[in-house]
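Structure at a glance
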Number of protein chains: 2
Amino acid sequence: MQSPRRTGILFVLSAPSGAGKSTLCQRLAKDRDAGLNPFIYSVSCTTRPPRQGEVDGVDYHFLSHAEFERLIEEGEFLEYAKVHGNYYGTRRSNILASLNQGVDVLLDIDTQGAAKIRANPDPEIRRALVDIFLMPPSLQELERRLLQRGTETPEQVAVRLANAEEEMAQWVHYRYTIPATSIEGVYNDFMAIMRAERLNSRRLHFPNHTP
Amino acid sequence: MQSPRRTGILFVLSAPSGAGKSTLCQRLAKDRDAGLNPFIYSVSCTTRPPRQGEVDGVDYHFLSHAEFERLIEEGEFLEYAKVHGNYYGTRRSNILASLNQGVDVLLDIDTQGAAKIRANPDPEIRRALVDIFLMPPSLQELERRLLQRGTETPEQVAVRLANAEEEMAQWVHYRYTIPATSIEGVYNDFMAIMRAERLNSRRLHFPNHTP
């Protein structure tokens, strides 16, 4: 049996709070570390100074403001944003280097960042992109949880619910939407998507059977 | 948690001989009968007379020549072919009725039939279609099996190999290509594709979160 070669996949994962994204990502990392599911997490660039224990190239690529802005001008970021005066962004060359080696990349990003990546015209990025949305429980359930937690004022709860509602409407733009039913269900859904997309003909190459 | 509603998926499966399609289909039918994986097999129409034990509507929809040709003229077949003087075809209305009820349909068909379905301009069919190719072992391996079986002359073996080579080149037109490594591997790949495609946002509808 000939084995197909393939290019890497850029899995982009977004989820409003309450959808179980952290639990999913921990479990995926555990599988990966056990050699069961090969992929790498995308490491973002930032101009924020490293915190205690953070390692350059592992937690973030730490860049100076000048360097970051030079890279912005060069169109080097697939997406970037300024938060509290610091830049955060995803470097195109980092992602492409992995994809060209056939390595899958998982990028955990908000709906705005995902929208920028989706709009990228680079055919290599477009071919690699698989965007996945975790749909959290209903707004009613989210409200119930926030009120039960009791750490926010009714006004803060209202703001969070309005944000969640806006984010939840973004699901239509993602190729896949996983309803956040149970931890097990979300994990199995995500694994099925990874396995299926690794069989997507667009990215495969059978050396002896390509016309 | 709100559950999404969705329209049905038309899974189209093609494989040259030797890829393990029959084994896969038997296992899928077993899962389905155990209530683990809901879908229906598409039942073809034919003008060939029923054989002993064949049931109309189960094995085939048996039609007269005149009726079949009237339906051809009405554009009612997603694909059809004439083999040894008899027509065989897939009725559009049968498929659409299932899809509109959210029922997934599995259609086991050769590469020529799949090409016709792929070319269908109906947006409902295009949205529903997920075509999957089982890539059999190498030609060398296929040749080895045929020679070992010893039921065909060297000339017949050569014809079969030429056909297989032509069919194998069709994989590029399918959304997914499963390399026929092991029975277990093919089954798990196919199940992952079914699970993933059931999460494809194009076919989902979250009543409370559609802009």
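Residues numbered from 1 in each chain as written. Chains lettered and ligands numbered in written order. Predicted model: local features only at pLDDT ≥ 70, side-chain atom pairs only at ≥ 80, totals over all residues.

1. Things to note about the overall build of chain A
Each helix and strand in chain A was counted, giving 8 helices and 11 strands. Here the C-alpha radius of gyration of chain A, 19 Å, is about what a compact globule of 211 residues would show, namely 17 Å. Expressed as lengths along the three principal axes of its C-alpha atoms, the size of chain A is roughly 65 × 45 × 35 Å. Sequence-distant contacts in chain A: of pairs separated by 6 or more residues, those separated by 24 or more amount to 69%. (Helix = DSSP H or I, 4+ residues; strand = E, 2+ residues; numbered from the N terminus. Rg over C-alpha atoms; globule rule 2.2 N^0.38 Å. Contact = placed C-beta atoms within 7 Å.)

2. Digging into the nonpolar core
Most often, soluble globular proteins keep nonpolar side chains buried together rather than apart. By size, the foremost hydrophobic cluster in this structure holds 79 residues, and its most contacted members are Leu10, Phe11 and Ile132 of chain A together with Leu10, Phe11, Val12 and Ile132 of chain B. If near-sequence neighbours (up to four positions away) are discounted, phenylalanine 11 of chain B is found in contact with Asp104, Val105, Leu106, Leu107, Val130, Ile132 and Met194 of chain B. (Core = buried A, V, L, I, M, F, W, Y, C linked by C-beta atoms within 7 Å. Buried ≥ 20, exposed ≤ 12 C-beta atoms within 10 Å, placed from the backbone.)

3. Regarding the sheet that holds strand S2 (residues 10-14) of chain A
Residues and elements named next belong to chain A. Pairing is parallel in the open sheet, where 5 strands are placed in the order S3-S8-S2-S9-S10. Where the open sheet ends on each side, the last strands, each with one partner, are strand S3 (40-41) and strand S10 (176-179). Pairing geometry for strand S9 (residues 129-135) and S10, over 4 bridges, is parallel. Looking at the pairing, phenylalanine 133 lines up with threonine 177 of S10. (Pairing = 2+ DSSP bridges.)

4. Some remarks on the sheet that holds strand S3 (residues 40-41) of chain B
Residue and element names in this part refer to chain B. In space, the 5 strands of this open sheet follow the order S3-S8-S2-S9-S10, with parallel pairing throughout. At either margin of the open sheet sits one strand with a lone partner, and together these are S3 and strand S10 (176-179). Its contacts with the sheet place helix H3 (residues 92-100) against strand S2 (10-14), S3 and strand S8 (105-108), and it is angled at close to 150° to S8. (Axes fitted to C-alpha atoms, helices over the stretch in contact; angles between N-to-C directions.)

5. Concerning the confidence of the model for chain A
Model confidence for chain A is summarised by a mean pLDDT of 91, while 97% of its residues fall at 70 or above. With a pTM of 0.91, the predicted complex shows an ipTM of 0.90. (pLDDT = per-residue confidence, 0-100.)

6. What about the packing of helix H6 (residues 139-149) of chain A against helix H7 (residues 154-168) of chain A?
All names here are of chain A. For the pair H6 and H7, the least separation of the axes is 10 Å and the interaxial angle reads 150°. The orientation of H6 relative to H7 falls into the category roughly antiparallel. Like other packed secondary-structure pairs, H6 and H7 cross with a definite hand, here right-handed. Facing Leu139, Leu142, Glu143, Leu146 and Leu147 of H6, the residues of H7 in contact are Val157, Arg160, Leu161, Ala164 and Glu165. Taken together, the residues of the contact of H6 with H7 sort by class into 7 nonpolar, no polar and 3 charged. (Parallel < 35°, antiparallel > 145°, perpendicular 65-115°, else oblique. Left-handed = near helix turned anticlockwise from the far one by under 90°. Nonpolar A, V, L, I, M, F, W, Y, C, P; charged D, E, K, R; others polar.)

7. Re the packing of helix H8 (residues 183-197) of chain A against helix H8 (residues 183-197) of chain B
Viewed as axis vectors pointing N to C, H8 of chain A and H8 of chain B meet at an angle of 115°, and their least axial separation amounts to 8 Å. Crossing of H8 of chain A over H8 of chain B shows left-handed handedness. Along the contact surface, H8 of chain A presents Asp189, Ala192, Ile193, Arg195 and Ala196 of chain A, while H8 of chain B presents Asp189, Ala192, Ile193, Arg195 and Ala196 of chain B. Among the residues making up the contact of H8 of chain A with H8 of chain B, the classes are represented as 6 nonpolar, no polar and 4 charged.

8. Regarding unusual backbone geometry
For histidine 84 of chain A, which is not glycine, the phi dihedral falls at a positive 50°. Following the sequence through the fold, histidine 84 of chain A ends up in the loop between strand S6 (77-83) and strand S7 (86-91).

9. Description of the environment of glutamate 165 of chain B
Looking at the secondary structure, you find glutamate 165 of chain B in helix H7 (residues 154-168). On a C-alpha basis, the gap between glutamate 165 of chain B and proline 16 of chain B in space is 9.0 Å, while along the polypeptide they are 149 residues apart.

10. Describing the pairing of strand S9 (residues 129-135) of chain B
It is a general feature of regular strands that their side chains alternate between the two faces of the sheet. All names here are of chain B. Where burial is concerned, most of S9 is hidden: 7 out of the 7 residues are buried. Here S9 shows a buried face lined by Leu129, Asp131, Phe133 and Met135 and a second buried face lined by Val130, Ile132 and Leu134. Sheet topology note: the S2/S9 ladder contains 5 bridges and is parallel. Along S9, the bridge assignment pairs phenylalanine 11 with valine 130.

11. Describing the environment of leucine 134 of chain A
Relative to the helices and strands, leucine 134 of chain A resides in strand S9. Filtering out sequence-adjacent residues up to four positions away, leucine 134 of chain A remains in contact with Ala15, Ala19, Gly20, Lys21, Ile178, Ala180 and Val186 of chain A.

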